[in-house]
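Here are the chains, one letter per residue:
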Amino acid sequence: YTDGVTSNIQTQLDSKGVANRPVVTARKGSDQTISRNTWTKITGFTDNYDSDNAWSGSRFTVPSGKAGRYLCSANVRVKFDSAGSDGEQAIGAFYVNGGQKTHFFQLSMANGNRHMGIVGGTGSIILDLAVGHYVEVYGYMQDDSPSGSLKIHGDSSTGSQVGFMR
């Protein structure tokens, strides 16, 4: 996948003097069904740009010789529309080396006024990462109604970006 932004990233990085620093942009290719009330790793991202082959479809891993400070960002859209559009809560989080680091968005609806179809949130975190450390994006959806399925929306608006800062 290339577009007017990602096809020219390396040239832009070279011109700014930041070549040879890991940069990844990825987007979700299709919907992902997740279980109710449990943290689930978001998978199935395809990389738009990956300067160091550091992206595996669901995980960014710091390459050899590239330890440092990274800016990690994600946008996740969730779908309650196939489960009655009455979801109670959606949360996104960054996990580092398998453990939760921070929530980056949380959407909650008050009792009696719940109506969530497709909604989303965006967040970023700055992390000091050593070689071999990895970052993943997780989602959590709460829907007390047992019918239908809850999904992470698989369009170009669900994505993840990681960039070396220093």
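Note that the structure is predicted; figures quoted are calculated from it, not measured.

Calculation notes
- Think of each chain on its own: its residues are numbered from 1, step by step along the sequence as written.
- Totals for whole chains, interfaces and linings use all residues, but because this is a predicted model, local features are given only for residues with pLDDT of at least 70 and pairs of side-chain atoms are given and counted only at 80 or more.
- Note that water and hydrogens are dropped before the side-chain values are worked out from all heavy atoms of the structure.
- To qualify as a helix, a DSSP run of H or I must reach at least 4 residues; to qualify as a strand, a run of E must reach at least 2; elements of each kind are numbered from the N terminus.
- Partly exposed residues are those whose accessible area sits between 20% and 50% of the maximum for their type, while under 20% is buried and over 50% is exposed, using a 1.4 Å probe and protein chains only.
- Working rule for contacts: check all heavy atoms of both residues, and any pair within 4.5 Å makes them a contact.
- For accessible areas, the Shrake-Rupley method is used with a probe of radius 1.4 Å. Any residue's cover is judged against the shown protein chains and nothing else.
- Note on terminology: a nonpolar core comprises buried Ala, Val, Leu, Ile, Met, Phe, Trp, Tyr and Cys residues joined through side-chain atoms within 4.5 Å.
- A pair of strands is considered paired only if DSSP assigns at least 2 bridges between the two.
- Any carboxyl oxygen of Asp or Glu that lies within 4 Å of a side-chain nitrogen of Lys or Arg is treated as forming a salt bridge with it.
- Like charges are joined within 9 Å and nonpolar side chains (Val, Leu, Ile, Met, Phe, Trp, Tyr) within 5 Å, but only among residues with over 30% relative accessible area and no salt bridge; these make up the patches.
- Centre distance within 6.5 Å is the pairing criterion for rings of Phe, Tyr and Trp, where only the six-membered ring of Trp is used; planes under 30 degrees apart are then read as stacked, over 60 as edge-to-face, and the remainder as tilted.

Novice: Would you mind going over the overall build of the chain in detail, with residue names and values included?
Specialist: Along the backbone of the chain there are one helix and 12 strands. Going from the N terminus to the C terminus, the chain shows its helices and strands as α-β-β-β-β-β-β-β-β-β-β-β-β. In the chain, which comprises 166 residues, the proportion classed as buried is 45%. Here the analysis covers contacts within the chain between residues at least 6 apart in sequence; of these, 75% occur between residues at least 24 apart. For the chain, the exposed area adds up to about 7,800 Å²; of that, 45% sits on carbon and sulfur atoms.

Novice: So what's going on with unusual backbone geometry? Residues and values would help.
Specialist: Of note in this structure, Asn 37 is not a glycine but carries a positive phi near 55°. Structurally, the position occupied by Asn 37 is in the loop between strand E2 (32-34) and strand E3 (40-41). Overall, the relative accessible area of 38% leaves Asn 37 in the partly exposed class. Phi is positive for Asn 97, close to 55°, though the residue is something other than glycine. For Asn 97, the position within the fold is in the loop between strand E7 (89-96) and strand E8 (99-108). Residue classification places Asn 97 among the partly exposed positions, given a relative accessible area of 35%.

Novice: Report on the nonpolar core, specifying residues and quantitative values.
Specialist: Formed by 31 residues in total, the largest nonpolar core has its most connected members in Phe 60, Tyr 70, Cys 72, Val 76 and Phe 94. Residue assignment for this core shows that the elements contributing at least two residues are strand E1 (23-28), strand E6 (68-79), E7, E8, strand E9 (118-129), strand E10 (134-142), strand E11 (150-152) and strand E12 (159-164). Top element by residues in this core is E6. It accounts for five residues.

Novice: Talk me through the environment of Arg 27; I want residue IDs and the actual numbers.
Specialist: Tracing the backbone through its elements, the reader meets Arg 27 in strand E1. Along the backbone, Arg 27 and Gly 44 are 17 residues apart, and their C-alpha atoms lie at a distance of 8.3 Å.

Novice: Can you tell me about the pairing of E7, naming the residues and giving the values?
Specialist: By the criterion of burial, E7 is predominantly enclosed, with eight of the eight residues buried. Of the two faces of E7, the one carrying Gln 89, Ile 91, Ala 93 and Tyr 95 and the one carrying Ala 90, Gly 92, Phe 94 and Val 96 are both buried. Pairing analysis gives eight bridges linking E7 to E10, with the strands arranged antiparallel. Residue pairing in the sheet places Ala 90 in a bridge with Met 141 of E10.

Novice: Can you lay out the environment of Met 165 for me, pointing to particular residues and giving the numbers?
Specialist: Checked against the element boundaries, Met 165 lands in the segment after E12. A sequence separation of 95 residues divides Met 165 from Tyr 70, and the C-alpha atoms of the two residues are 5.2 Å apart. Ignoring sequence-local partners within four residues, the contact set of Met 165 consists of Arg 21, Arg 69, Tyr 70, Leu 71 and Ile 126.

Novice: Got a sec to walk through the pattern of salt bridges? Specific residues and values, please.
Specialist: Pairs may arise between side chains of opposite charge once their charged atoms sit close together. Here the structure, examined in full by the defined rule, presents five salt bridges. Among the ionic contacts, a cluster of salt bridges with common partners joins Lys 41, Arg 59 and Glu 136.

Novice: With reference to specific residues and values, describe a nonpolar patch on the surface.
Specialist: Together, Leu 71, Ile 126 and Met 165 give the surface a local cluster of nonpolar side chains, amounting to about 250 Å² of exposed area. Met 165 gets classed as partly exposed once you look at its relative accessible area, which sits at 37%.

Novice: Break down the packing of aromatic side chains for me, citing the residues and quoting the values.
Specialist: Two aromatic rings, taken as a pair, are described by how far apart their centres are and by the angle between their planes. In the structure shown here, the tally under the stated rule is six aromatic pairs. An angle of 55° between the planes, with centres 6.2 Å apart, marks the rings of Trp 39 and Tyr 95 as tilted. Note that Trp 39 is positioned in the loop between E2 and E3 and Tyr 95 in strand E7, a separation of 56 residues in sequence. A residue is classified by how much of its surface remains accessible, and Trp 39, at 27% relative accessible area, is partly exposed.

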